[in-house]
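Below, each chain spelled out in residue letters.
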Amino acid sequence: MKVKIDPELCNGDEVCVQLCPDVFEMQEDKAIVKMEEVPDDLADAVREAADSCPAEAIIIEE
Ligand code: SF4
């Protein structure tokens, strides 16, 4: 799985960082993805973060 964040949509509320800090982190007032490829054991947490993102800014590519 690959994941990215649309910085135009991200509102910086940190929901994804709280749900999956292994993959997401804040950089200034936007969330960023820390890794190119998401390991399988973090995939469910990334999906939950994408489902929970109020801005629908998290884009998953499987
Ligand atoms: S949950 Fe969505 S809007 Fe909130 S910081 Fe993460 S990517 Fe940005």
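As a reminder, the structure under discussion sits directly above these lines.
Let me begin by describing the structure that accompanies this report. (Residues numbered from 1 in each chain as written. Predicted model: local features only at pLDDT ≥ 70, side-chain atom pairs only at ≥ 80, totals over all residues. Heavy atoms only, no water.)

Things to note about the site of the ligand
Selection rule: For this description, a residue counts as near a given molecule or strand if any of its non-hydrogen atoms is within 4 Å of it. Each residue is assigned to one class: nonpolar for Ala, Val, Leu, Ile, Met, Phe, Trp, Tyr, Cys and Pro, charged for Asp, Glu, Lys and Arg, and polar for all the others, Gly among them.
What surrounds the ligand is the set Ile5, Cys10, Asn11, Gly12, Asp13, Glu14, Val15, Cys16, Ala31, Cys53, Ala55 and Ile58. Grouping the constituent residues of the shell around the ligand by class yields eight nonpolar, two polar and two charged.

As for the pattern of salt bridges
Inclusion rule: By definition, a salt bridge exists where a carboxyl oxygen of Asp or Glu is found within 4 Å of a side-chain nitrogen of Lys or Arg. Runs of H or I in DSSP of at least four residues are treated as helices and runs of E of at least two as strands, each being numbered from the N terminus. We call a residue buried when its accessible area falls under 20% of the maximum for its residue type, exposed when it is over 50%, and partly exposed in between, using a 1.4 Å probe and counting protein chains only.
Tallied over the entire structure, the rule returns four salt bridges. Here Lys4 makes a salt bridge to Glu61, at a shortest N to O gap of 3.3 Å. Here the residue Lys4 occupies a position in strand E1 (residues 2–5), and Glu61 occupies one in strand E4 (residues 58–61), the gap between them amounting to 57 residues. The closest approach of N and O atoms between Arg47 and Glu62, which form a salt bridge, is 3.1 Å. Highlighted residues: Arg47 in helix H2 (residues 40–52) and Glu62 in the segment after E4, separated in sequence by 15 residues. We classify Glu62 as exposed; its relative accessible area is 71%. Connected through salt bridges with shared partners, the residues Asp44, Arg47 and Glu62 form a single ionic network.

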